[in-house]
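Summary of structural features
Below are the chains, spelled out letter by letter.
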Amino acid sequence: MIASSPLNSIVMRNLFLFLAMFLAACVFWTCQNPNESGSNADVQRMDRSTDLDSSSFMYKAAVAGKMEVELGEIAVQMAKHPQVKNFGAMMVKDHTQLNMELESLAYAKKQILPTVYPKRFKRRMSDVKKLNGKAFEKQYMSMMVEDYLKFHALFKKGSEDKDPQIRDFAKKSLPLIEKHEREANAVHASLNKD
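Just so it is clear, the structure is predicted and the values come from calculations on it, not from any experiment. (Residues numbered from 1 in each chain as written. Predicted model: local features only at pLDDT ≥ 70, side-chain atom pairs only at ≥ 80, totals over all residues. Heavy atoms only, no water.)

Brief notes about the overall build of the protein
- Assigned secondary structure in the protein consists of six helices and zero strands.
- The order of helices and strands in the protein, counted from the N terminus, is α-α-α-α-α-α.
- Looking at the protein as a whole, 36% of its 194 residues are labelled buried.
- When the accessible surface of the protein is totalled, it reaches about 12,300 Å², and 60% of it is carbon and sulfur. (Helix = DSSP H or I, 4+ residues; strand = E, 2+ residues; numbered from the N terminus. Buried < 20%, exposed > 50% of the residue type's maximum accessible area, 1.4 Å probe, protein only. Areas by Shrake-Rupley, 256 points an atom, 1.4 Å probe, with all protein chains shown as cover.)

Examining the side chain of Asp94
- Its location among the elements puts Asp94 in helix α3 (residues 82-108).
- A distance of 2.7 Å separates polar atoms of two side chains, one belonging to Asp94 and the other to His180.
- If sequence neighbours within four positions are ignored, Asp94 has contacts with Leu176 and His180. (Polar contact = N/O pair within 3.5 Å; in protein donor to acceptor, adjacent residues only side chain to side chain. Contact = heavy atoms within 4.5 Å.)

Some words on the confidence of the model for the protein
- In the predicted model, the protein carries a mean pLDDT of 81, and 73% of its residues have values of at least 70.
- Per-element mean pLDDT across the protein ranges from 55 in helix α1 (residues 6-32) up to 96 in α3.
- For the stretch residues 25-50, pLDDT sits under 50, and the model shows 25 contacts to residues farther than four places along the chain or on other chains. (pLDDT = per-residue confidence, 0-100.)

Remarks on unusual backbone geometry
- The phi dihedral of Lys110 is positive, around 60°, even though this residue is not glycine.
- As for its placement among the helices and strands, Lys110 is situated in the loop between α3 and α4 (119-129).

A closer look at the packing of aromatic side chains
- All told, the structure shown has seven aromatic pairs when counted by the stated rule.
- Judged by centre distance (5.2 Å) and plane angle (75°), the rings of Phe57 and Phe155 are edge-to-face. On the criterion of sequence distance, the pair formed by Phe57 in helix α2 (residues 52-78) and Phe155 in helix α5 (residues 133-158) is long-range, its members being 98 residues apart. Here Phe57 and Phe155 have matching classes, each one buried. (Phe/Tyr/Trp six-rings, centres within 6.5 Å; stacked < 30°, edge-to-face > 60°.)

Quick word on the nonpolar core
- If you look at the biggest cluster of nonpolar residues, it comprises 43 residues, and the most contacted ones within it are Phe57, Leu71, Phe87, Tyr140, Met141, Met144 and Phe155.
- Those elements that place two or more of their residues in this core are α2, α3, α4, α5 and α6 (164-193).
- When residues of this core are assigned to their parent elements, the largest contribution, eleven residues, is made by α2.
- Contacts of Met141, omitting those with residues within four sequence positions, involve Val84, Phe87, Ala184, Val187, His188 and Leu191. (Core = buried A, V, L, I, M, F, W, Y, C linked by side-chain atoms within 4.5 Å.)

What to know about the pattern of salt bridges
- One pass over the structure, following the stated rule, counts six salt bridges.
- Close ionic contact of Lys129 with Glu70 constitutes a salt bridge, the shortest N to O distance being 3.3 Å. With a gap of 59 residues between them, Lys129 in helix α4 and Glu70 in helix α2 connect regions that are remote in the sequence.
- Given the relative accessible area of 43%, Lys129 is considered partly exposed.
- With a relative accessible area of 25%, Glu70 lands in the partly exposed category.
- As a salt-bridge pair, Asp94 and Lys93 come within 3.6 Å of each other at their nearest N and O atoms.
- In this structure Asp94 comes out as buried when scored by relative accessible area, which is 10%. (Salt bridge = Lys/Arg side-chain N within 4 Å of Asp/Glu carboxyl O.)

Here it is as structure tokens:
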């Protein structure tokens, strides 16, 4: 039998306290992050007051807005046609502003917006980056025409959202989205004439 000394009891008590604190920290961390696996950088997190439709609108608008900025930057660098270059610059300017407004709204709603693109968007970005010259310009503007049909429908639906802040954001943004859609169609049509 091991003799009980004051040193042994102090070591055992400290070890017990350390293990209890470690276990409590693990339980606390797990309860705070029940759905995180460490690799879900684009997981949406929302408080209970954010409606699923509202959350979906914000997620889709954030992904599309980020993509418009990135593709616009690429168009400014790679396009030779002045209309395509100008369209790309307009995308960067306008969507940077829209993205900042959306981020403020998401912050107010306690929702974290995606930080990475879904795979299908990554693939589209990669494909268009491989092109150059007229092939790039035509593909970029075709993407913009297609994207703005979806973007317009998204913001139209968002303008009818139950959440008044999201509804106001979408309504306020809709004229700009419609302007971009008209411009995309006009530039796309002019490229197809060449």
